[in-house]
Amino acid sequence: MILFFGTRPGKKKSKILVGVNCPHCGQTGTLTAVSQINYAHLFWIPIFKLGNTKFASCSHCKKGFYKEEFTPEMESAL
């Protein structure tokens, strides 16, 4: 019997962080956060979550921020 087991990412969810200043350039309302959940799957059916990846980027200065670099203001806006 062959079992197909593996991992793959789910759908990306984007959210514009309204009223949050970019820590790098100071512009307001230019940050967009992207969240993506990784799943373990069996026969291409998601079974359980493995983790959540979060990333934010500024459309003005093009600076990217990983989850560890989020400010408390960015966390509360999510």
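Starting afresh in each chain, residues are numbered from 1 along the sequence in its written order. In keeping with the predicted nature of the model, local features appear solely for residues at pLDDT of at least 70, side-chain atom pairs appear and are counted solely at 80 or more, and the whole-chain, interface and lining totals rest on all residues. Only hydrogens and water are set aside; all other atoms, that is, all heavy atoms of the structure, feed into the side-chain values.

A few words on the pairing of strand β2 (residues 31–42). Regular strands place side chains that alternate from one sheet face to the opposite one. By definition, two strands form a pair when at least two bridges between them are found by DSSP. Helical segments are the DSSP runs of H or I of at least four residues, strand segments are the runs of E of at least two, and each set is numbered from the N terminus. Pairing between strand β1 (residues 5–17) and β2: 11 bridges, direction antiparallel. Within the sheet, the bridge partner assigned to R8 lies in β2 and is Y39. Relative to strand β3 (residues 45–58), β2 runs antiparallel, the two being bridged by 12 bridges. Across the sheet, the residue bridging to N38 is G51, located in β3. Between β2 and β3, which follow one another and run antiparallel, lie 2 residues, and F43 among them has a positive phi close to 55°.

We now examine the nonpolar core. One finds L17, V20, C22, L31, A33, A56, C58, F65, F70 and M74 forming the largest nonpolar core, which totals 10 residues. Contact definition: two residues touch when any of their heavy atoms are within 4.5 Å. Once residues within four sequence positions are removed from consideration, L31 is found in contact with K15, I16, L17, V20, N21, C22, P23, S57, C58, F65 and M74. The criterion is simple. A nonpolar core is a set of buried Ala, Val, Leu, Ile, Met, Phe, Trp, Tyr and Cys residues joined through side-chain atoms within 4.5 Å. Burial classification: accessible surface area is computed with a 1.4 Å probe over protein chains only, and a residue below 20% of its type maximum counts as buried, one above 50% as exposed, and the rest as partly exposed.

This part takes up the packing of aromatic side chains. Note on aromatic pairs: the rings of Phe, Tyr and Trp (six-membered ring only in Trp) are paired at centre separations within 6.5 Å, and the planes decide the class, stacked below 30 degrees, edge-to-face beyond 60, tilted for the rest. Here the structure, examined in full by the defined rule, presents 3 aromatic pairs. On the numbers, 5.9 Å between centres and 75° between planes, the contact of F4 with F43 is edge-to-face. Pair noted here: F4 is in the segment before β1 and F43 is in the loop between β2 and β3, with a separation of 39 residues, a long-range link. With a relative accessible area of 33%, F43 lands in the partly exposed category. Ring centres 5.3 Å apart and planes at 65° place the aromatic pair F55 and Y66 in the edge-to-face group. Of the two residues, F55 is situated in strand β3 and Y66 in strand β4 (residues 64–66); the sequence distance between them amounts to 11 residues. Aromatic ring contacts, followed pair by pair, group F4, F43 and W44 into a single cluster.

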